[in-house]
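Given next are the chains, with one letter for each unit.
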Amino acid sequence: DQVIQQLIIETLLLQEAEAQGVMPTDDEVEMQLLLMKSQFGNNDQIFAQYLRQYGIDEARLREEIVLTYVLNRLAVLGVTVTEEETREFFETNKDELVRVRARHILVDTEEEAREILAQLQAGEDFAALAQEYSQDGSAASGGDLGFFGKGQMVQPFEDAVFALAEGEISDVVQSQFGYHLIKLEERQEPEFSDVEESLR
């Protein structure tokens with residue numbers, strides 16, 4: 001009964017999406033599928049194993065992508081947001097929209113982290129020490145994590161990095177991955193014009 005109910009709901013959703021003209025194109029579905037595959041290093045075997053783990057195949061995944069797209073589009077159909085509402089949301093949530101670029105060094109023990117911190121305090125180069133000691137995949141690029149916003153890193157790491165000033169290095173920060181030293185390279189305060197469309 002549950003399966004039949006699910007199929008009925010999906011059919012009705014797709015009929016409504018067709019009627020409202022909000023069905024995704026084949027290219028949009030393919031792009032989303034490629035994006036998902038890229039998260040597995042574009043390794044088809046690992047991706048297939050992931051799908052088997054959830055009991056679906058690629059054909060069903062495509063259907064899920066279409067349904068998610070349709071639900072998202074139908075949910076906002078007919079909804080209008082004014083510039084004033086968007087600006088008010090921006091001002092209220094400005095701190096949450098800050099993006100930062102940071103480097104980190106990840107090691108297994110607090111003792112090792114403190115030894116590296118002493119070297120940093122003595123003036124040694126953060127990127128060079130990251131290449132030498134960090135056990136993270138970013139070590140090859142000197143610990144550079146690129147730009148990211150809030151909600152993208154584990155909480156202890158996020159709390160530490162967003163509390164830093166540009167150029168500042170954190171104390172030792174512990175997370176479930178180990179012990180981090182973090183250097184804030186750059187902080188980007190959002191401009192309303194840059195984020196207005198996505199916020200709207």
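A.B. asks: Break down the overall build of the protein chain for me, with residues and values.
C.D. replies: Secondary structure summary: the protein chain contains 9 helices and 4 strands in total. If you list the helices and strands of the protein chain from N to C, you get α-α-α-α-α-β-α-α-β-α-β-β-α. With the principal axes as the frame, the protein chain shows a C-alpha extent of 65 × 50 × 30 Å. The proportion of buried residues among the 200 residues of the protein chain is 30%. Carbon and sulfur atoms make up 48% of the accessible area of the protein chain, which totals about 12900 Å². Between the mean site of the 15 positive side-chain charges and the mean site of the 42 negative ones, the protein chain shows a separation of 2 Å.

A.B. asks: An account of helix 1 (residues 2-20) is needed here, citing residue identities and associated values.
C.D. replies: Between its first and last C-alpha atoms helix 1 spans 27 Å; for 19 residues at 1.5 Å apiece the expected length is 27 Å, and the two agree. Backbone geometry just downstream of helix 1 places Gly21 in the positive-phi region, at approximately 70°.

A.B. asks: Explain the sheet that holds strand 2 (residues 144-149) to me, using residue names and the numbers behind them.
C.D. replies: In space, the 4 strands of this open sheet follow the order 2-1-4-3, with antiparallel pairing throughout. The strands lining the two open edges of the sheet, one partner per strand, are strand 2 and strand 3 (173-175). Direction aside, neighbouring strands of the sheet carry axes that sit 45° apart on average. Bridging between strand 1 (residues 99-107) and strand 2 involves 4 bridges; their strand directions are antiparallel.

A.B. asks: Can you break down the side chain of Glu10 residue by residue, with the values?
C.D. replies: Structurally, the position occupied by Glu10 is in helix 1. In this structure Glu10 comes out as buried when scored by relative accessible area, which is 9%. Reaching out from Glu10, the side chain makes a polar contact with the side chain of Arg60 at a distance of 2.8 Å. Apart from residues lying up to four places away in sequence, Glu10 is in contact with Arg60 and Leu67.

A.B. asks: For a negative patch on the surface, give the residues involved together with the corresponding values.
C.D. replies: A contiguous patch of negative charge on the surface is contributed by Asp95, Glu166, Glu186 and Glu189. Within the fold, Glu186 resides in strand 4 (residues 178-188).

A.B. asks: Kindly report on the confidence of the model for the protein chain, identifying the contributing residues and their values.
C.D. replies: For the protein chain, per-residue confidence averages 92 on the pLDDT scale, and 100% of positions sit at 70 or higher. Across the protein chain, helix 6 (residues 110-121) holds the top mean pLDDT of 97, while helix 3 (residues 44-53) sits lowest at 88.

A.B. asks: Any details on the pattern of salt bridges? Residues and values, ideally.
C.D. replies: Within this structure, the stated rule accounts for 13 salt bridges. Across the salt bridge formed by Glu63 and Arg60, the nearest N and O atoms sit 2.7 Å from each other. Here Arg60 and Glu63 lie together in helix 4 (residues 58-75), a separation of 3 residues that amounts to about one turn. Under the relative-accessibility criterion, Arg60 is labelled partly exposed at 23%. Because the salt bridges share partners, they merge into one network encompassing Glu10, Arg60, Glu63 and Glu64.

Rules used throughout
Residues numbered from 1 in each chain as written. Predicted model: local features only at pLDDT ≥ 70, side-chain atom pairs only at ≥ 80, totals over all residues. Heavy atoms only, no water. Helix = DSSP H or I, 4+ residues; strand = E, 2+ residues; numbered from the N terminus. Buried < 20%, exposed > 50% of the residue type's maximum accessible area, 1.4 Å probe, protein only. Areas by Shrake-Rupley, 256 points an atom, 1.4 Å probe, with all protein chains shown as cover. Lys, Arg positive; Asp, Glu negative; His and termini not counted. Charge placed at Lys NZ, Arg CZ, Asp CG, Glu CD. Expected span 1.5 Å × (residues − 1). Pairing = 2+ DSSP bridges. Axes fitted to C-alpha atoms, helices over the stretch in contact; angles between N-to-C directions. Polar contact = N/O pair within 3.5 Å; in protein donor to acceptor, adjacent residues only side chain to side chain. Contact = heavy atoms within 4.5 Å. Patch = residues over 30% accessible without salt bridge, like charges linked within 9 Å, V, L, I, M, F, W, Y side chains within 5 Å. Salt bridge = Lys/Arg side-chain N within 4 Å of Asp/Glu carboxyl O. pLDDT = per-residue confidence, 0-100.

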